[in-house]
Amino acid sequence: MQHEIVHAFGAGVYCVFIALFLLASRIPRTNPGARWWAAAIGCALVARLSFLFLAPLKDPALSNVFYGSFTILEKSFLAVGFARFFKVGIRPWLVALVSGTAMLWLLASWSGLPVPLIRSPVYAAFNVFMLGYVLWFIVRTELDCLPLIRRVMAAAFGALLLHWACGGPIGALYPSWLDHGFVLGTVLAALQYMSLLAAILSLFQRRLLSAEAKALTMAFKDPLTGLYNKHFMNNLFDQALLLATRPHHLVAVY
């Protein structure tokens with residue numbers, strides 16, 4: 001029962017993020033990275049549901065293949081979305097090559113996969129590589145986001161990288177760690193996608209402030225000459241007259 005609660009909790013968290021990313025992607029002129037991240041978190045949701053609904057069938061190999069396949073797709077969409085949103089030099093062909101190789105290995109090892117899949121060194125190496133590849137660009141390039149968001153993003157990707165690198169050995173030594181590892185992975189993934197969502201919201205904020213500044217400029221300046229218009233002067237005189245009504249204050253017009 002505890003195993004089912006863990007995956008139901010993870011699926012619920014992922015559903016919330018899918019809704020948020022889809023809502024963000026529907027705003028006009030939204031960067032296409034939001035749609036890729038929505039697809040990535042959707043794959044993570046399907047991976048969790050595969051454990052939740054395929055576990056009663058008593059077929060670990062089938063649940064391993066479903067979970068592993070959609071986790072591979074999640075990391076691929078995550079990396080491509082990162083490249084699209086921040087316009088960094090992540091190579092799509094390299095992401096496709098590594099993901100395709102991992103998928104072929106998964107299908108070739110269908111019946112021989114360890115139970116659970118996260119104990120497999122090959123599978124863990126794929127996740128470590130993909131997270132490390134994105135983390136490299138977070139650390140080494142100038143991202144179009146606030147420094148705080150960038151630091152949180154780097155911390156989330158780094159923590160998930162360590163989680164995948166250490167999860168297999170810890171799970172082999174302490175089998176009871178499996179459920180705790182899934183909970184920790186869900187929390188770290190939520191932090192990761194929260195930082196990406198914060199980057200989208202930060203972009204919206206900058207767009208809103210820019211539009212507001214442009215609207216104020218158009219309201220108070222003549223678009224042809226760039227000089228202040230009558231509306232601006234009326235406001236200026238109103239403020240000057242208010243100051244002139246105070247004791248020991250004068251106003252003059254030159």
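Definitions and limits used
- Residues numbered from 1 in each chain as written.
- Predicted model: local features only at pLDDT ≥ 70, side-chain atom pairs only at ≥ 80, totals over all residues.
- Heavy atoms only, no water.
- Phe/Tyr/Trp six-rings, centres within 6.5 Å; stacked < 30°, edge-to-face > 60°.
- Helix = DSSP H or I, 4+ residues; strand = E, 2+ residues; numbered from the N terminus.
- Buried < 20%, exposed > 50% of the residue type's maximum accessible area, 1.4 Å probe, protein only.
- Salt bridge = Lys/Arg side-chain N within 4 Å of Asp/Glu carboxyl O.
- Lys, Arg positive; Asp, Glu negative; His and termini not counted.
- Polar contact = N/O pair within 3.5 Å; in protein donor to acceptor, adjacent residues only side chain to side chain.
- Contact = heavy atoms within 4.5 Å.

## A few points about the packing of aromatic side chains
Applying the stated rule across the entire model yields 11 aromatic pairs. Measuring from centroid to centroid gives 6.2 Å for Phe21 and Trp37, while their planes differ by 65°, and the two rings are edge-to-face. Of this pair, Phe21 sits in helix 1 (residues 2-25) while Trp37 sits in helix 2 (residues 33-54), placing them 16 residues apart in sequence. The buried category is assigned to Trp37, whose relative accessible area is 0%.

## Topic: the pattern of salt bridges
Opposite charge on two side chains lets them pair, provided their charged atoms get close. This model, assessed by the stated rule, comprises 3 salt bridges. The residue Arg150 makes a salt bridge to Glu142 at a minimum N-O spacing of 3.6 Å. A salt bridge links Asp144 to Arg206; the nearest nitrogen and oxygen atoms lie 3.1 Å apart. Here Asp144, found in the loop between helix 5 (121-140) and helix 6 (147-173), pairs with Arg206, found in helix 7 (residues 177-220); they are 62 residues apart in sequence, far enough to count as distant. By relative accessible area, which is 29% here, Arg206 ends up partly exposed.

## Examining the side chain of Arg48
Summarising the element assignment, Arg48 is placed in helix 2. Look at Arg48: it is buried, it has no salt bridge, and the nearest opposite charge is Glu74 at 8.2 Å. A polar contact is formed between the side chain of Arg48 and the side chain of Thr186, at a distance of 2.8 Å. Excluding residues within four positions of it along the chain, Arg48 makes contact with Val6, His7, Gly10, Tyr14, Phe182 and Thr186.

Keep in mind these values describe shape, not function.
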